[in-house]
Amino acid sequence: MNTAVKKLCPFKEKCYRKNPIHFSEMSHPHLEALLANQLDGMIEIPEVLNFTCDDRSQLLDQLKVLQMVLRKEREKNGDNSTPITSSQLSKAQSSLSSKESLQEKVVKHKEGMAQKRQDKLKQMDAEAQALSRALSSHEERENSDDTKTKKRSYSSVTAGSVTKKMKEIKIESSAHTKKSQQIIGDSQSSSTSREQSKSSSKGTSIMDMYQACETEKSRKEVREEAIRRMRQSGYDVSIVDPGEFAIKYALSAPYHVFFTRVEKSKATYSQQFSVTFPEILDRSLGEIVNSLHLNFMVDVGWLCLQYLLAAQRPDMMILYGDRVDTENVSRNITMIHVDMPNPFGCHHTKIMILRYKDDGIRVVVSTANLYTQDWENRTQGLWVSPHLPPLPESADSTDGESPTNFKKDFERYLSKYRNSALTEWIWAVRKADFSAVNVFFVASVPGTHSNFEIDSWGHRKLAQILSRHATLPPDAPQWSLIAQCSSIGSLGPNYESWLSKEIIPSMSRETTQGLKSHPKFQFIYPSVENYKRSFDFQTLSSCLPYSLKMHSKQQWIESYLYQWKSTRIERDRAIPHIKSYMRISPDLKSIPWFVLTSANLSKAAWGVQRSNYYITNYEAGVVFLPKFITGTTTFPIEDEEDPAVPIFRIPYDLPLCRYDSADSPFVNEFFSTHS
């Protein structure tokens, strides 16, 4: 690795960044020293550090990102034996301390950690064997050879490994080179053709070839070649054949809600409400000419691969919070990092806008990040809009609105980025006919909100919608409020601090005015036992960023916690990254509304009332209200022989299962105590 060219991070030990690009450009000696000989396994943080650390969970997160960056730098330089050279380690250590005893401490720590690691691996192997006995025979064959390897890493496949493989798969023979030039065709510019011809002489990667495709025919041909070569290289490519999603989408009416297919739960493959990423891009919905992605964590190479598998054009603009890959971006992709006004804020939104050849668009609101693990074996939710055709040229700017004012709210949200690059997308929304949209758009944007904007964002926006359109019977206080998330924010020292003061009142609003007691609050969050049974446990990956430090300040939340159970839709072992909120009838058969969103249960996501209403994050979600979808006051959620209204499918089982006395919520420190 050539870390000498990196500049020293000016924040030094006080750096809070977790961005891979930042770690690629800046040196952090205090972190690099800790990763010496720890690039290929679980990260052990010594009990005694040579610098001040106020948040060890943040330190671990930083080390995970840096570990990934350093691994990729090592691979790039062809060095697979020495994670960090002795000279680099020496420089890092000397910058941390000039004490002669430091080297002795490092040696002693290594010896202690080596023994500790061996003891923990023995314990892990025993747990793995117990777990494998509960798996099906197919899964036993699949996992028996590499259980130990998977247990030692946070992910069975690193974020960019499939993309990296696609970059490595070359078409080198003269016959293949000739075919690749035919596929690319005459639609490229002469300069692009010269570049392609030059690269073909030394072998052109499948991914590079696909980026150059300009016709539907060429994309299909390269897609077929890519799948063949991926399978030839040992990848179990499990994809849905293109051209069928339009039928599945039609059958999802009137809700158009989907859950991601779970790779290791074969029962989800045949479900009408299961979806893979390439299906969302399916050509049966139209030929995509451009896409906008607003998301938190993005692996650009993986995202391009999804477009390849769907045989769709990969031209796109991406606004992101963090990148988990370091692939070079081609000219048809625009990357824009979203700078947060608050360093503790997060660009947590998950939205796509797909623009088609007929100038129509489609909006997708999701709970999933754009990288491998979020789309493989976790429970995610998506709402996919109808095709939104272009309005006539003579149309007024206010035309094409939905009954829910989705268009106006969505356009306002995009404008809050204050980024000129989004102008074309704001105009695409403005010129589209949203009249077929039957859900509400609820979002959060960072900042202080007051006056006419105060009810436009976060939980206050949701309260406004419910107070105007949610209808509940006289026994409304008996209709429980259920929240379900993948993380928990700082909620305060007690239930009254924020939940019963702001969130519960907002989510209890309805059209009927008057004083009513608050409903029962139930909160679904995975327990440690839920995690141990999950597919994520097999790879020691996690999407549950809740810390022990945070939980120690709000243990009262355990009185409201319920297990993650989802056997009904075959996702019991697929850890939920989905976030949802709803009210439910006492007989557990109907709901008056449902929210699917990126927003976890936190002040940062939903907002908090101080001197003014304050929000830290970008978030986005949709609200389902029967009045606008089925013309009723509730949605049925239980299967009936001949329901007058289609079943609204929720992601978890009922009745809920409360934590018992031995249960505890999953926290990040699980890895340091069970690794």
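Residues numbered from 1 in each chain as written. Predicted model: local features only at pLDDT ≥ 70, side-chain atom pairs only at ≥ 80, totals over all residues. Heavy atoms only, no water.

1. A short note on the overall build of the protein
Right, so step 1: Scanning the protein from N- to C-terminus turns up 25 helices and 28 strands.
Right, so step 2: For the protein, restricting intrachain contacts to residue pairs at least 6 apart in sequence, the fraction spanning at least 24 positions comes to 75%.
Right, so step 3: For the protein, the accessible area works out to roughly 29200 Å², and carbon and sulfur atoms hold 49% of it. (Helix = DSSP H or I, 4+ residues; strand = E, 2+ residues; numbered from the N terminus. Contact = heavy atoms within 4.5 Å. Areas by Shrake-Rupley, 256 points an atom, 1.4 Å probe, with all protein chains shown as cover.)

2. Some points on the nonpolar core
Right, so step 1: In this structure, Trp-383, Phe-406, Phe-410, Tyr-413, Phe-434, Phe-624 and Phe-648 are the most contacted members of the largest nonpolar core, which totals 61 residues.
Right, so step 2: In terms of domain composition, this core takes at least three residues from each of domain 2 (213-384) and domain 3 (469-672).
Right, so step 3: With residues up to four places along the chain from it excluded, the contact list for Phe-624 reads Tyr-255, Val-257, Trp-383, Val-439, Pro-592, Trp-593, Phe-594, Leu-596, Ile-629, Phe-635 and Phe-648.
Right, so step 4: Grouped together as the second largest cluster of nonpolar side chains are 51 residues, Phe-523, Tyr-525, Val-528 and Phe-537 included. (Core = buried A, V, L, I, M, F, W, Y, C linked by side-chain atoms within 4.5 Å. Buried < 20%, exposed > 50% of the residue type's maximum accessible area, 1.4 Å probe, protein only. Domains from an automatic or database assignment.)

3. As for the UniProt feature "active site" (unreviewed entry) in the protein
Right, so step 1: Per the UniProt entry, the sites bearing "active site" (unreviewed entry) are His-348 and His-577 in this numbering. These residues run over 230 residues, yet every pair of their C-alpha atoms falls within 12.3 Å of each other.
Right, so step 2: With respect to the element layout, His-348 can be found in the loop between β11 (333-337) and β12 (351-356).
Right, so step 3: Among the residues examined, His-348 registers a relative accessible area of 9% and is labelled buried.
Right, so step 4: Excluding residues within four positions of it along the chain, His-348 makes contact with Phe-296, Lys-579, Ser-598, Asn-600, Tyr-618 and Glu-619.
Right, so step 5: Topologically, His-577 is positioned in the loop between β21 (575-576) and β22 (579-584).
Right, so step 6: Excluding its chain neighbours within four sequence positions, the residues that come into contact with His-577 are Lys-350, Thr-367, Ala-368, Asn-369, Asp-374, Thr-379, Gln-380, Ser-486 and Cys-543. (UniProt positions renumbered as here; feature names shortened; annotations may be inferred.)

4. Describing helix α12 (residues 216-232)
Right, so step 1: A rise of 1.5 Å per residue sets the reference length of α12, with its 17 residues, at 24 Å; its end C-alpha atoms lie 24 Å apart and thus fit the reference within 8%.
Right, so step 2: Within the sequence span of α12, burial applies to Ser-218, Arg-219, Val-222, Arg-223, Glu-225, Ala-226, Ile-227, Arg-229 and Met-230.
Right, so step 3: Once α12 finishes, Gly-234 follows within two positions and takes phi at roughly 105°, a positive value. (Expected span 1.5 Å × (residues − 1).)

5. Some details on the packing of helix α18 (residues 458-469) against helix α19 (residues 499-507)
Right, so step 1: Look at α18 against α19: their axes get within 8 Å of each other, and the N-to-C directions meet at 35°. Helix-helix and strand crossings are classified by hand; for α18 and α19 the assignment is left-handed. Each of His-459, Leu-462, Ala-463 and Leu-466 in α18 lies in contact with α19, whose residues at this interface are Glu-502, Ile-503, Ser-506 and Met-507.
Right, so step 2: Split into classes, the residues belonging to the contact of α18 with α19 amount to 5 nonpolar, 2 polar and 1 charged. (Axes fitted to C-alpha atoms, helices over the stretch in contact; angles between N-to-C directions. Left-handed = near helix turned anticlockwise from the far one by under 90°. Nonpolar A, V, L, I, M, F, W, Y, C, P; charged D, E, K, R; others polar.)

6. What to know about the packing of α12 against helix α15 (residues 300-309)
Right, so step 1: At a minimum axis distance of 9 Å, the contact between α12 and α15 shows a crossing angle of 115°. Contact with α12, carried on its side by Arg-223, Ala-226, Ile-227 and Met-230, involves Leu-305, Leu-308 and Leu-309 of α15 and no other residues of that element.
Right, so step 2: When its residues are assigned to classes, the contact of α12 with α15 shows 6 nonpolar, no polar and 1 charged.

7. Topic: unusual backbone geometry
Right, so step 1: Ala-253 connects to Pro-254 through a cis peptide bond whose omega is 5°.
Right, so step 2: Here Leu-654 and Pro-655 are connected by a cis peptide whose omega angle stands at -5°.
Right, so step 3: Locating Pro-655 in the fold gives a position in the loop between β28 (635-636) and α25 (670-674).
Right, so step 4: Positive phi outside glycine occurs at Glu-570, with the angle close to 65°.
Right, so step 5: Its place among the elements puts Glu-570 in the loop between β20 (561-562) and β21.
Right, so step 6: For Glu-570, a relative accessible area of 39% puts it in the partly exposed group.
Right, so step 7: One non-glycine residue, Leu-588, lies in the positive phi region at around 65°.
Right, so step 8: The exposure class of Leu-588 is partly exposed, given its relative accessible area of 28%.

8. Quick word on the sheet that holds strand β26 (residues 613-615)
Right, so step 1: Strand order in the open sheet made by the 3 strands is β17-β26-β25, with antiparallel pairing throughout. The strands lining the two open edges of the sheet, one partner per strand, are β17 (447-449) and β25 (608-609). (Pairing = 2+ DSSP bridges.)

9. Quick word on the sheet that holds strand β9 (residues 316-320)
Right, so step 1: Ordered in space as β6-β5-β15-β13-β12-β7-β9-β11, the 8 strands form an open sheet in which the pairing is mixed. Only two strands of the sheet have a single partner each, and these edge strands are β6 (274-275) and β11.
Right, so step 2: As defined by bridge partners, strand β7 (residues 288-294) adjoins β12 across 6 bridges and the pair is classed as antiparallel. Looking across to β12, one finds that Ile-288 is bridged to Tyr-356.
Right, so step 3: Sitting on the sheet, α15 is in contact with β7, β9, β11 and β12, with an inclination near 145° to β9.
Right, so step 4: Across the sheet, helix α17 (residues 423-430) touches β7, β9, β12 and β13 (361-366), and the angle it forms with β12 is around 75°.

10. Some points on the packing of aromatic side chains
Right, so step 1: Summed over all chains, the structure comprises 39 aromatic pairs.
Right, so step 2: Plain terms: the ring middles of Phe-523 and Tyr-525 are 6.5 Å apart, the flat faces sit at 40° to each other, and that makes the pair tilted. In this pair, the class of Phe-523 matches that of Tyr-525, namely buried.
Right, so step 3: When the ring centre of Tyr-249 is taken as reference, the NZ or CZ atom of Arg-362 above it lies at 5.4 Å. (Phe/Tyr/Trp six-rings, centres within 6.5 Å; stacked < 30°, edge-to-face > 60°. Lys NZ or Arg CZ within 6 Å of the ring centre and 35° of its normal.)

11. Considerations on the side chain of Ser-590
Right, so step 1: Tracing the chain through its elements places Ser-590 in strand β23 (residues 590-591).
Right, so step 2: Filtering out sequence-adjacent residues up to four positions away, Ser-590 remains in contact with Trp-479, Arg-583, Ile-584, Ser-585, Thr-634, Phe-635, Pro-636 and Ile-637.

12. Re the pairing of strand β5 (residues 257-260)
Right, so step 1: Covered by surrounding structure in β5 are Val-257 and Phe-259 together with Phe-258 and Thr-260, the residues of both alternating faces.
Right, so step 2: Of the pairings in the sheet, the one linking β5 to strand β15 (residues 381-384) comprises 3 bridges and is antiparallel in character. Across the sheet, the residue bridging to Phe-259 is Gly-381, located in β15.

13. Here we look at the environment of Lys-520
Right, so step 1: With respect to the element layout, Lys-520 can be found in the loop between α19 and β19 (521-524).
Right, so step 2: For Lys-520, a relative accessible area of 44% puts it in the partly exposed group.
Right, so step 3: Setting aside its immediate chain neighbours within four residues, Lys-520 contacts Pro-477, Ser-480, Leu-481, Tyr-562 and Arg-658.

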